Protein chains: 2
Amino acid sequence: MSALRAVADQSHQQKAEWLDRIHKGDCVSTLEKLPEKSVDVIFADPPYNLQLNGDLHRPDQSKVDAVDDEWDQFDSFAAYDAFTRAWLLAARRVLKPNGTIWVIGSYHNIFRVGASMQDLGFWILNDVVWRKTNPMPNFRGRRFQNAHETMIWASRDQASKGYTFNYDALKAANDDVQMRSDWLFPICTGAERLKDENGDKIHPTQKPEALLARIMMASTKPGDVVLDPFFGSGTTGAVAKRLGRHFVGIEREQAYIDAANERIAAVKPLDRADLAVLPGKRAEPRVAFVNLIDNGIMKAGTTLYDAKKRWAAKVRADGTLAIGELAGSIHRVGAQVQGLEACNGWTFWHYERNGGLTQIDELRRIVRLGMERAGA
Amino acid sequence: MSALRAVADQSHQQKAEWLDRIHKGDCVSTLEKLPEKSVDVIFADPPYNLQLNGDLHRPDQSKVDAVDDEWDQFDSFAAYDAFTRAWLLAARRVLKPNGTIWVIGSYHNIFRVGASMQDLGFWILNDVVWRKTNPMPNFRGRRFQNAHETMIWASRDQASKGYTFNYDALKAANDDVQMRSDWLFPICTGAERLKDENGDKIHPTQKPEALLARIMMASTKPGDVVLDPFFGSGTTGAVAKRLGRHFVGIEREQAYIDAANERIAAVKPLDRADLAVLPGKRAEPRVAFVNLIDNGIMKAGTTLYDAKKRWAAKVRADGTLAIGELAGSIHRVGAQVQGLEACNGWTFWHYERNGGLTQIDELRRIVRLGMERAGA
DNA sequence: TGTTAGATTGAATCGACGT
DNA sequence: AACGTCGATTCAATCTAAC
């Protein structure tokens, strides 16, 4: 039976009462009340078990609004693992034999979740990285900016070969190359972010609709049932309704349920004809000076000059530029030698080639060509 | 002692015999022969073939059977976990208290490895994604193109705060924005890829040197010791030698050892000057405000202002600042008047000069210059 | 009404040092 | 070991207020 026939059939028959609504209650016990093997895809955004100590302040001394909610507190790794295995088992029961599950997390929890999924027999198909265009910075300068989250996509078990993967549609939407395992999306802000009457965010970790849309376009067909056992602000439901999929939400907190119901009621489903393809977003690849060294196009120890050879600076292995004691980025050093506040190092600095001088910006163009292929 | 002094010292004293060479043998038992707390950074690229071929061994050297039913699958996961815990524990013993460890893997093994690391007390600092510009395509069209691998960067334990992270150098190399957790590099191909006389690749998973260079530039200083317990084709050794770091390799197979030794012998180290790491402000010597008064650069009784002249405070002879009854350090008083918890008095307070206002931090720079000349 | 400078904010496991 | 003090630290986007 074709996907479109399935949609038509479903609309003519009695819809199950547990579909397209939010079930209030504990995740595990509510899952146990749902019929087994009834769900095509599960999207789960479980608590991350962040282990935060004191407060964190920005350089301007404002306080970071941390995720310190009661639902994210666990006594130990063992307690978190027990919680994880319980909801994964309950979720597995309601999943169709050819269904798949998506779980999103950060380095705080995703390794534990992934190991538990493997232990319970789920068969990992991909791990997919959500790269954030606008992540929160690292304020103390003690780590890399945490700029991504990880999603695990798995089938019910190794033998499940009949899962849905809309390979050709994804490829067509991705400029006719295969969809990769690293996706670029902004975090959820602006008009999409649910706010209360005071302008405060309703849910601390609302996911962007574009992320859920990509997931559903990849791994579901119109009319499929998508279950979200940690429904929160209801992104899964809103996107499912818009894309002509059924949703099932499970959520404990009434405030989230109310907000999600209101949100979903306002969603207008797309026409069936528009459900075919959803184009992906491309970003201008940003090239940093260090990428020239990474690619071997620029070597540590190379001397750079300004256009009139008034200054000479050496490239160091760490990707900085140095003139004697003066060292820093290509931009800082360019500004310093000229006594200016700012300087575009890409156009200011040159390297020797064929007896003449060439802007290093020329090398950036070469690297950018290579990065574009990767959809940087 | 500065990083450069440390390098110089090390080169003059007797180098330990276990440095800068490949130790042949099993990973765990060889690690147990190395001195404890002797290694600054570990880079580990452990095997992740759960049941694909036969080179996964239990800690007791018995072979894990290649199996595919569910029970044996769990059995092989358990064996892999035991193997993982064994080498992680042995690695932890040789790691300095402020050392860090990098482990790279794919979705087949990285979740198990990450969970084991947390269980053993390693404290995850970041997970870092290596995005491949040129990943292998997915041939069956049943999954997303697997276009990345995951690295876990962790300190020895939660209390280890003194680990090396060259934040300022990375930021300067990255066009003056902080380095993110997603890195873009090509896979190892072309001239860099080791081949045998038949043109076949010598090692199946040779890592690109640019990846290791980024890791070492981020988390080591010149002269540090970098250990690789799964040395393989020796990328870690080649990059360490080029970047003025010591390496320790452990490898079982003689063919890999031979190839790696030949490879490393051909590496030419960079000049020491090109290896300097851009220091941050934290590396600058501390200056107490009272030193300005001691040096006569600042006189008791001087009035200081914030940038907008909203507050005026008087310098007292003991190096404190006072506004009426309110008195304390330049930092405390700056924080108090703004109603904040903290404040950097050096950048907050200004003095009058030539009719305008100048940060007192300018005077600190003068004092530091004097300290440098005195060889302090 | 349009433009621009300034303020706000996002899943955060975010010191060092001397007493 | 616990505690107090010094003082270092942010990117992209949206929202608001001033001009």
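Nothing here was measured: the structure is a model prediction, and the numbers come from that model.

Engineer: Which residues make up the overall build of chain A, and what are the values?
Structural biologist: Check the secondary structure of chain A and you find twelve helices and 14 strands. Once the C-alpha set of chain A is aligned to its principal axes, its extents read approximately 80 × 50 × 45 Å. Buried residues in chain A amount to 55% of all 376 residues. Within chain A, contacts between residues at least 6 apart in sequence are counted, and of these 69% link residues at least 24 apart. As presented, chain A carries roughly 16700 Å² of accessible surface, and 49% of it is formed by carbon and sulfur atoms. Distance from the positive charge centre (50 side chains) to the negative charge centre (48 side chains) of chain A: 6 Å.

Engineer: Can you lay out the packing of helix H7 (residues 235-242) of chain B against helix H8 (residues 254-265) of chain B for me, pointing to particular residues and giving the numbers?
Structural biologist: Residues and elements named next belong to chain B. The contact between H7 and H8 brings their axes to 9 Å, and the two run at 15°. In terms of orientation, H7 and H8 fall into the roughly parallel class. You can see that H7 and H8 cross each other, and the crossing is right-handed. Residues Thr235, Gly237, Ala238 and Lys241 of H7 pack against Arg263, Ile264 and Ala265 of H8. A breakdown of the residues in the contact of H7 with H8 according to their chemical character gives three nonpolar, two polar and two charged.

Engineer: Kindly report on the environment of threonine 100 of chain A, identifying the contributing residues and their values.
Structural biologist: All names here are of chain A. Relative to the elements of secondary structure, threonine 100 occurs in strand S3 (residues 95-105). Residue threonine 100 is classed as buried on the basis of its relative accessible area, which comes to 1%. Here the alpha-carbon distance between threonine 100 and glycine 162, two residues 62 residues apart in the chain, equals 9.9 Å. What threonine 100 contacts, discounting residues up to four positions off in sequence, is Asp40, Val41, Ile42, Leu95, Leu125, Trp153, Ala154, Ser155, Tyr163 and Ser219.

Engineer: If you had to explain the UniProt feature "domain: DNA methylase N-4/N-6" (unreviewed entry) in chain A to someone new, which residues and values would you point to?
Structural biologist: The sites that UniProt annotates as "domain: DNA methylase N-4/N-6" (unreviewed entry) are residues 39-262 of chain A. Secondary structure over residues 39-262 of chain A splits into 28% helix and 22% strand, and the C-alpha atoms at its two ends are 24 Å apart.

Engineer: I'd love a proper account of helix H12 (residues 361-373) of chain B, names of residues and values included.
Structural biologist: All names here are of chain B. Compared with the 18 Å implied by 1.5 Å per residue over 13 residues, the 19 Å span of H12 between its first and last C-alpha is a close match. Within H12 the residues assigned to the buried category are Asp361, Leu363, Arg364, Val367 and Arg368. Looking straight down H12, one finds that the buried residues subtend no more than 145° of arc, so they occupy a single side. Exposed residues pointing more than 90 degrees away from the buried face of H12 are listed as Glu372 and Arg373.

Engineer: Would you mind going over the interface of chain A and chain B in detail, with residue names and values included?
Structural biologist: Contacts between the two partners involve 81 residues from chain A, matched on the other side by 76 residues from chain B. Summing the contributions of chain A and of chain B, the shared interface buries around 6900 Å²; its carbon and sulfur component is 50%. Together, Phe111, Arg142 and Phe144 of chain A form the three largest contributors to the area buried by chain A at its contact with chain B, with a combined 13%. On the surface where chain A and chain B come into contact, there are six salt bridges. One salt bridge connects aspartate 274 of chain B with lysine 314 of chain A, and the closest N-O pair in it is separated by 3.4 Å. Applying the counting rule to chain A against chain B returns 39 residue pairs in polar contact (both at pLDDT 80 or more). Classifying every residue of the side of chain A that touches chain B by side-chain character gives 37 nonpolar, 27 polar and 17 charged.

About the thresholds
Residues numbered from 1 in each chain as written. Chains lettered and ligands numbered in written order. Predicted model: local features only at pLDDT ≥ 70, side-chain atom pairs only at ≥ 80, totals over all residues. Heavy atoms only, no water. Helix = DSSP H or I, 4+ residues; strand = E, 2+ residues; numbered from the N terminus. Buried < 20%, exposed > 50% of the residue type's maximum accessible area, 1.4 Å probe, protein only. Contact = heavy atoms within 4.5 Å. Areas by Shrake-Rupley, 256 points an atom, 1.4 Å probe, with all protein chains shown as cover. Lys, Arg positive; Asp, Glu negative; His and termini not counted. Charge placed at Lys NZ, Arg CZ, Asp CG, Glu CD. Axes fitted to C-alpha atoms, helices over the stretch in contact; angles between N-to-C directions. Parallel < 35°, antiparallel > 145°, perpendicular 65-115°, else oblique. Left-handed = near helix turned anticlockwise from the far one by under 90°. Nonpolar A, V, L, I, M, F, W, Y, C, P; charged D, E, K, R; others polar. UniProt positions renumbered as here; feature names shortened; annotations may be inferred. Expected span 1.5 Å × (residues − 1). Arc of directions from axis to C-beta. Buried area = accessible area lost by both parts, 1.4 Å probe. Salt bridge = Lys/Arg side-chain N within 4 Å of Asp/Glu carboxyl O. Polar contact = N/O pair within 3.5 Å; in protein donor to acceptor, adjacent residues only side chain to side chain.

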